[in-house]
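A closer look at the structure
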Amino acid sequence: RFPATRRDLAIVVADQVSVGDVLDTARKAAGSLLVNLELFDIYRGEGVDSGMKSVAFGLTLQDSSRTLREAEVDEIVDAVLAALKSIGGELRR
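Below: a short report on this structure. In this text, all values refer to a predicted model and were calculated from it rather than measured experimentally. (Residues numbered from 1 in each chain as written. Predicted model: local features only at pLDDT ≥ 70, side-chain atom pairs only at ≥ 80, totals over all residues. Heavy atoms only, no water.)

Concerning the side chain of Ser54
This is how it is decided: Helix and strand assignments follow DSSP, with helices taken as H or I runs no shorter than four residues and strands as E runs no shorter than two, numbered in order from the N terminus. Counting of polar contacts relies on pairs of N or O atoms within 3.5 Å, with two restrictions inside protein: one atom must be capable of donating a hydrogen and the other of accepting it, and residues adjacent in sequence are counted only when both atoms are side-chain atoms. For this analysis, residues touch if any pair of their heavy atoms sits within 4.5 Å.
Looking at where Ser54 falls in the secondary structure, it is placed in strand β3 (residues 52-61). Within the structure, the side chain of Ser54 is placed 3.4 Å from the side chain of Arg92, a separation counted as a polar contact. Setting aside residues up to four positions removed in sequence, Ser54 forms contacts with Ala10, Ile11, Val12, Asp41, Ile42, Tyr43, Val48 and Arg92.

Topic: the packing of helix α1 (residues 19-30) against helix α2 (residues 70-85)
Rules: Under this scheme, a helix contributes an axis fitted over its contacting stretch, all axes are lines through C-alpha atoms, and angles between N-to-C directions fall in the 0 to 180 degree range. Each angle is binned into one of four classes, with values under 35 degrees roughly parallel, values over 145 roughly antiparallel, values of 65 to 115 roughly perpendicular, and all other values oblique. Handedness of each helix crossing follows the sense of rotation of the near helix against the far helix: counterclockwise by less than a right angle gives left-handed, clockwise gives right-handed. For this scheme, ten residues count as nonpolar: Ala, Val, Leu, Ile, Met, Phe, Trp, Tyr, Cys and Pro. Four count as charged, namely Asp, Glu, Lys and Arg, and the remainder, Gly too, count as polar.
In contact at an axis separation of 8 Å, α1 and α2 are set at 140° when each is read in the N-to-C sense. By the angle between their directions, the pair α1 and α2 is classed as oblique. In this structure, α1 crosses over α2, and the sense of that crossing is right-handed. The segment α1 lies against α2, with Val22, Thr25, Ala26, Ala29 and Ala30 engaging Ile76, Ala79, Val80, Ala83 and Leu84. Of the residues in the contact of α1 with α2, the class split is nine nonpolar, one polar and no charged.

Thoughts on the sheet that holds strand β1 (residues 5-14)
Quick note on the threshold: The pairing criterion is simple: DSSP has to find at least two bridges between the two strands.
With respect to topology, four strands assemble into an open sheet ordered β2-β3-β1-β4, the strand pairing being antiparallel. The open sheet has two edge strands with one neighbour each: β2 (34-43) and β4 (90-91). Across 10 bridges, the pairing between β1 and β3 is antiparallel. Residue pairing across strands places Asp8 opposite Gly58, the latter belonging to β3. Relative to the sheet, α1 contacts β1, β2 and β3, its axis offset from that of β2 by approximately 150°. Of the strands in this sheet, β1, β3 and β4 touch α2, which is tilted by about 15° from β1.

Concerning the pattern of salt bridges
Applied cut-off: Between Lys or Arg on one side and Asp or Glu on the other, a salt bridge is scored when a side-chain nitrogen of the former is within 4 Å of a carboxyl oxygen of the latter. Accessible area is worked out with a 1.4 Å probe on protein chains only. A residue is then buried under 20% of its type maximum, exposed over 50%, and partly exposed in between.
As enumerated under the stated definition, the model contains eight salt bridges in all. In this structure, Arg66 engages Asp63 in a salt bridge whose closest nitrogen and oxygen atoms are separated by 3.7 Å. When its relative accessible area of 31% is taken as the criterion, Arg66 is described as partly exposed. One network of salt bridges, with partners in common, ties together Asp63, Arg66, Arg69 and Glu72.

Considerations on the pairing of β1
Relative to β4, β1 runs antiparallel, the two sharing two bridges. Note on β4: the bridge partner recorded for Ile11 is Leu91.

Some thoughts on α2
Keep this limit in mind: Here the expected span of a helix is defined as 1.5 Å times the quantity of residues minus one.
The end-to-end C-alpha distance of α2, which contains 16 residues, comes to 23 Å, matching closely the 22 Å that a straight helix rising 1.5 Å per residue would cover. Residues of α2 that are buried: Glu72, Val73, Ile76, Val77, Val80, Leu81 and Leu84. Buried residues along α2 sit against β1, α1, β3 and β4.

This is the structure:
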């Protein structure tokens, strides 16, 4: 009834950081409004430093009682990015 919102993120982390750790960290930071977390790419190569990998995933956020405001979604994405910094992750540019 209330629309979901999806945000895709690509995070660069060291090769030794597991994809599971990246997704678990994102899941915990996103909180209760996260209804789906979908890994869709792991990339090593041009544009990503040696010893690093890019992990791309989609966050689907939804509240069952109301439509989320853009500012709320931005806050959740910011919280996810901050949590990923704690494991050495940076937003891929």
